[in-house]
Amino acid sequence: MITVNNLSVYYKQKNSTVQALKDVCFTVPRGSTCAIIGPSGCGKSTLLSVLSGLHHDYSGEVLVDGAKVHQVRRQTALILQGHGLLPWKTVWDNAVLGLQIRGVPKRVMTEKVSVILKDLGLWEMKDRYPAQLSGGQRQRIGIARALALDPDLLLMDEPFSALDALTREALQKQLLSIWLNNKITFVLVTHSIEEAIFLGQRIIIFAGHPGQVIEIVDNPRAGDMAYRKTKDFHEVATRVREILEQ
Ligand SMILES: Nc1ncnc2c1ncn2[C@@H]1O[C@H](COP(=O)(O)OP(=O)(O)OP(=O)(O)O)[C@@H](O)[C@H]1O
């Protein structure tokens, strides 16, 4: 689904240039999950901007579904940290926003968003405003809005970082069931080793300034709800921690 070859990104400022990524190479198979982890400032968010088509000033090759990424792609959804909710709109109005912008007929929109809100446990609160919800519920509206667009690729930038541990685990599981039911490809940027291992079948470890890939760990058991409590899980966690500490 994703092929990245020798990707380098520079941010040009008035009097200087910052290189954010250097010679990044990796692939993500269709329908699989991938976690991107690395220290602050190593270019993870920049990578998501490139993959989403928001940042197209790069060198190297970036292909999504076989096509070069040079603009925002219709079937790619991006969920950012702040979830981008409009505070003056209700849960329902926030969730249908993307479909409204695309001019989807009201009946189709209502059917689709109703199912998604029910699946995500947001139906009862559809007339509330974001300020009247918990952090986890707000994050789920962001996910609902993204899913309503029927993406085949879901990109997430630290979606659960502001949540407490239990809410975070509940949302991780919810994300996995969405993935199991919809078979979309997802790429998640995270600072949490646990989260990367629970959710990422491929874990891409970044380091440095400019950011480079230092290791790619295959983690095929990600996606199994019972994985977190296994010995394998803790072994992979130790390995990833050692690589990050190098
Ligand atoms: N618009 C910009 N202009 C100039 N430099 C930028 C810009 N955006 C990011 N950078 C720089 O590019 C590098 C990578 O930033 P990026 O936000 O992609 O890292 P990150 O790994 O996502 O960081 P964090 O984990 O802290 O969110 C950093 O050195 C950052 O200062």
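In case you missed it, the structure is sitting above this.
Only a predicted model underlies this, so the values are computations on that prediction, with no experimental measurement involved.

Caption draft 1: Structural detail: the overall build of the protein. Within the protein, the secondary structure is distributed over seven helices and ten strands. In terms of overall dimensions, the protein has C-alpha extents of about 50 × 45 × 35 Å along its principal axes. The 246 residues of the protein split such that 38% are buried.

Caption draft 2: The sheet that holds strand β1 (residues 2–12), seen in detail. If you trace the four strands from one edge of the open sheet to the other, you get β2-β1-β4-β5, paired in antiparallel fashion. Either end of the sheet is taken by a strand with one partner, and the two such strands are β2 (17–28) and β5 (67–68). Inspection of the sheet shows strand β4 (residues 58–64) paired to β5 by two bridges, in the antiparallel sense. Looking across to β5, one finds that V64 is bridged to A67.

Caption draft 3: Structural detail: the site of the ligand. Taken together, Y11, Q13, V18, A20, S40, G41, C42, G43, K44, S45, T46 and H209 make up the full set of residues near the ligand. Secondary-structure elements contributing two or more residues to the shell around the ligand are β2 and α1 (44–52). Among the elements that make up the shell around the ligand, the one with the highest residue count is α1 (three residues). Here the residues of the shell around the ligand are counted per class, giving four nonpolar, seven polar and one charged.

Caption draft 4: Representation of the environment of E215 in the model. Position of E215 among the secondary structure elements: in strand β10 (residues 212–218). Judged by the 14 C-beta atoms lying within 10 Å of it, E215 falls in the partly exposed class. Spatially, the C-alpha atoms of E215 and I204 are 6.2 Å apart, while their sequence positions differ by eleven residues. Not counting residues within four places of it along the chain, the set of residues in contact with E215 comprises I205 and I243.

Cut-offs applied
Residues numbered from 1 in each chain as written. Predicted model: local features only at pLDDT ≥ 70, side-chain atom pairs only at ≥ 80, totals over all residues. Helix = DSSP H or I, 4+ residues; strand = E, 2+ residues; numbered from the N terminus. Buried ≥ 20, exposed ≤ 12 C-beta atoms within 10 Å, placed from the backbone. Pairing = 2+ DSSP bridges. Near = placed C-beta within 6 Å. Nonpolar A, V, L, I, M, F, W, Y, C, P; charged D, E, K, R; others polar. Contact = placed C-beta atoms within 7 Å.

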